Structure formats: C-alpha cells, structure tokens
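Single-letter residue listing:
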Amino acid sequence: MSESPLIIALDYPSLDAALCMADQLDPARCRLKVGKELYTRSGPAVLEALHGRGFEVFLDLKFHDIPNTVAGAVQAAAEQGVWMVNVHAGGGRKMMEAAAERLEKNGLATHLIAVTVLTSLQESDLQEVGLSCTPAEQVERLARLTQQSGLQGVVCSAQEAAHLKTICGDSFLKVTPGIRPSFAAVNDQQRIMTPSKAIQAGSTHLVIGRPVTQAADPMEALTAIEAELA
Ligand code: C5P
C-alpha cells in the first residue's frame, strides 16, 4: 500500500519486461499503471504478479461500450483487485452510472475514473466527429458529467487540473500524465509540467513513465521526483 501520488506507467510489450521493471521499484513508494498493450499480451497474470509483489495497480483500459458491458468489465477488473480502473466519459451518463452502481452493489472499493477528451484530439478533430466546441469546453462538460454519474475523478492534463479543481472540488481525483521532472527528457509529450507544478495546480496523482522506466537507476529517478515534491 502506498500513499504516494506517483503512478509509474509500465508501458511494456511483455510480462517479463514489465516485471523486470516492477522488481526495481518499491510498492511503498509508488503505484503502477497497466495499459492496453501489456494487458492484451499478458492478461490477468500481470495483475496477479504485481499484486503478489505488493503493488496497487491502475488498470488503464479506458472501457467504452454499452452500459451493461462496461459495468461487467469494471466489475471484472475490481474483482481482480485493481486499485483504479477507467472508462471513457464519452460513453455517457448511463454507461458511467451503470459502472459505478455495479461496484457499489458488490461492495468493491476500486476507484472508478473517466477519460474526458484524449489529448491527441484538437478542435478540428472534434468537429470531424460532430462536436462544435473546443477541447477545453468538452473536457469541462465531461468532467461535470463524470462527477454527476458518481465516479471519483478524471484523467486530465496538469493544465486542466486547476480549472477542474474549481468546478469539481479538491476531493475529485485528477490523475495527470505528461509529467516531466526537471532532470528528464521531454520525449514525445507536448504540454508537460514538472511534478511539483502539477500538484500545485491540483493534480492528485501523477502518471510518470519513461523518466523512471528508462532511467539507468529507476529508484534513483523516483527518489529525485520525491525530492522535487518535498
Ligand atoms: O512515458 P510517459 O511519462 O510519457 O508516459 C505517460 C503515460 O501516460 C503513458 O502510459 C501514456 O499512454 C499515458 N498518457 C499520456 N497522455 C495522455 C493520456 C495518457 O501520456 N493524455
């Protein structure tokens, strides 16, 4: 169990590679994120292996389907013991409510959050799928809907965190990728923020991948991030 805001993204194409990294990290000082590629390759075995090592896991599969299907998928994730799971807010109120109610009815404490607008989408992309608003407007609309549907938070950029804090409150979770510690390379991230700036902006959890996983000494990188946050 960890009280750290840090979630390390295990973006690996195999169970072995993911566990090799996990074995270099301390479950008391971070949580781990498992995404679509790793989960599609390794399945529930990766969750068992990480839980067995004492890690709490954010299963980042971004479910988006009819309400009954998403509720079943979220229940399956929760019954495998994951700490956090997510859906696409664009799936709508009924989908999100069904998922939240399913967890509650079964006494499952897994955190359920939503993705609002993928950061890869620009205004022109939204127009192409029939949405005549800016990404920022759509993020706000979907964050409100997420909260009204009974979910605990959203995935958002650090740039969005401050505004979402104003409209959804402090306790609404704001899980933020695109974080770059002052020592790290930017890689392909567009709009980045340092860990301490993101927490100041209102992010409650920070998703960090390559600055830790590609460091020569991952625990040393984690320690440097903790120092930036202290
Ligand atoms: O290596 P890096 O720190 O860039 O990894 C960030 C993680 O957060 C990756 O798993 C990436 O898929 C995810 N993510 C992101 N930007 C988003 C949503 C998710 O970087 N808008």
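Predicted, not measured: the structure shown is a model, and the values here were computed from it. (Residues numbered from 1 in each chain as written. Predicted model: local features only at pLDDT ≥ 70, side-chain atom pairs only at ≥ 80, totals over all residues. Heavy atoms only, no water.)

**Q** Which parts of the structure should I look at to understand helix H5 (residues 93–105)?
**A** Every α-helix winds through 3.6 residues per turn, so residues three or four apart in the chain are directed the same way. For H5, built from 13 residues, the straight-helix expectation of 18 Å at 1.5 Å per residue is met to within 8% by its first-to-last C-alpha distance of 18 Å. Among all positions in H5, only Met95, Met96, Ala98, Ala99, Ala100, Arg102 and Leu103 are buried. For H5, the secondary structure elements touched by its buried residues are strand E3 (57–63), helix H4 (67–79), strand E4 (84–88), strand E5 (111–115) and helix H7 (135–148). Looking at the residues trailing H5, positive phi occurs at Gly107, about 65 degrees. (Helix = DSSP H or I, 4+ residues; strand = E, 2+ residues; numbered from the N terminus. Expected span 1.5 Å × (residues − 1). Buried < 20%, exposed > 50% of the residue type's maximum accessible area, 1.4 Å probe, protein only. Contact = heavy atoms within 4.5 Å.)

**Q** Sorry if this is basic, but what is going on with the pairing of E3 here?
**A** As a general feature of sheets, a regular strand has side chains that alternate between the two faces. Burial analysis of E3 places six of its seven residues in the buried class, the great majority of the element. Pairing of E3 with E4, which is carried by three bridges, proceeds in the parallel orientation. Paired with Leu59 across the strands is Val85, a residue of E4. For the handedness criterion, the β-α-β arrangement of E3, H4 and E4 is classed as right-handed. (Pairing = 2+ DSSP bridges. Right-handed = clockwise from strand over helix to strand, strands pointing away.)

**Q** What's the story with the UniProt feature "active site" (unreviewed entry) in the chain in this structure? I'm lost.
**A** Here, the residues flagged by UniProt with the feature "active site" (unreviewed entry) are Asp60, Lys62 and Asp65. You can see Lys62 is positioned in strand E3. Apart from the residues within four sequence positions on either side, Lys62 is in contact with Lys36, Asn86, Val87, His88, Val115 and Leu118. A polar side-chain atom of Lys62 sits 3.0 Å from a polar atom in the side chain of Asp60. Looking at the secondary structure, you find Asp65 in the loop between E3 and H4. Among all residues touching Asp65, those that are not within four sequence positions of it are Val70 and Met95. (UniProt positions renumbered as here; feature names shortened; annotations may be inferred. Polar contact = N/O pair within 3.5 Å; in protein donor to acceptor, adjacent residues only side chain to side chain.)

**Q** Is there a simple way to explain the site of the ligand in this structure?
**A** Around the ligand, the neighbouring residues are Ala9, Asp11, Lys33, Thr119, Pro177, Arg180, Gln189, Val207, Ile208, Gly209, Arg210 and Pro211. Residue Arg180 places a side-chain N or O atom 2.7 Å away from an oxygen atom belonging to the ligand. Taking Arg210, its side chain carries an N or O atom lying 2.7 Å from an oxygen atom of the ligand. Notes on the ligand: free accessible area 460 Å², of which the protein chains cover 78%. Elements represented by at least two residues in the shell around the ligand include exactly strand E8 (205–208) and helix H10 (210–213). Tallied by class, residues from the shell around the ligand come to five nonpolar, three polar and four charged. (Near = heavy atom within 4 Å. Areas by Shrake-Rupley, 256 points an atom, 1.4 Å probe, with all protein chains shown as cover. Nonpolar A, V, L, I, M, F, W, Y, C, P; charged D, E, K, R; others polar.)

**Q** Please clarify how the sheet that holds E4 should be interpreted in this entry.
**A** Backbone hydrogen bonds hold the strands of a sheet together, and the pairing may be parallel or antiparallel. Overall, parallel pairing links the eight strands, which are arranged E1-E2-E3-E4-E5-E6-E7-E8 in a closed barrel. The average undirected angle you get between the axes of adjacent strands in this sheet is 25 degrees. The pairing of strand E1 (residues 6–9) with strand E2 (residues 31–35) spans three bridges and is parallel. Looking at E2, one finds that Ala9 is bridged to Lys33. (Axes fitted to C-alpha atoms, helices over the stretch in contact; angles between N-to-C directions.)

**Q** When you look at the packing of aromatic side chains in this model, what are you seeing that I'm missing?
**A** Between two aromatic rings, the relevant description is the distance of the centres plus the angle of the planes. Scanning the entire structure with this criterion turns up zero aromatic pairs. Note that Arg31 overlies the ring of Trp83, its terminal NZ or CZ placed 4.1 Å from the centroid. (Phe/Tyr/Trp six-rings, centres within 6.5 Å; stacked < 30°, edge-to-face > 60°. Lys NZ or Arg CZ within 6 Å of the ring centre and 35° of its normal.)

**Q** Honestly, helix H3 (residues 44–52) in this entry has me stumped. Any pointers?
**A** Within the span of H3, buried status applies to Val46, Leu47, Ala49 and Leu50. One face of H3 carries all of its buried residues, which in axial projection span an arc of 165 degrees. Exposed positions of H3 whose direction lies more than 90 degrees from the buried face are Glu48 and Gly52. Just downstream of H3 lies Gly54, where phi reads positive at about 95 degrees. (Arc of directions from axis to C-beta.)

**Q** Can you walk me through the packing of H4 against H5 in this structure?
**A** Each pair of packed helices can be summarised by the angle the axes make with each other and by the distance between the axes. In contact at an axis separation of 8 Å, H4 and H5 are set at 35 degrees when each is read in the N-to-C sense. Relative to H5, H4 is oriented so that their crossing is right-handed. Residue-level contacts link Pro67, Asn68, Val70, Ala71, Gly72, Val74, Gln75 and Ala78 of H4 to Lys94, Met95, Ala98, Ala99, Arg102 and Leu103 of H5. Residues that form the contact of H4 with H5 fall into these classes: nine nonpolar, three polar and two charged. (Left-handed = near helix turned anticlockwise from the far one by under 90°.)

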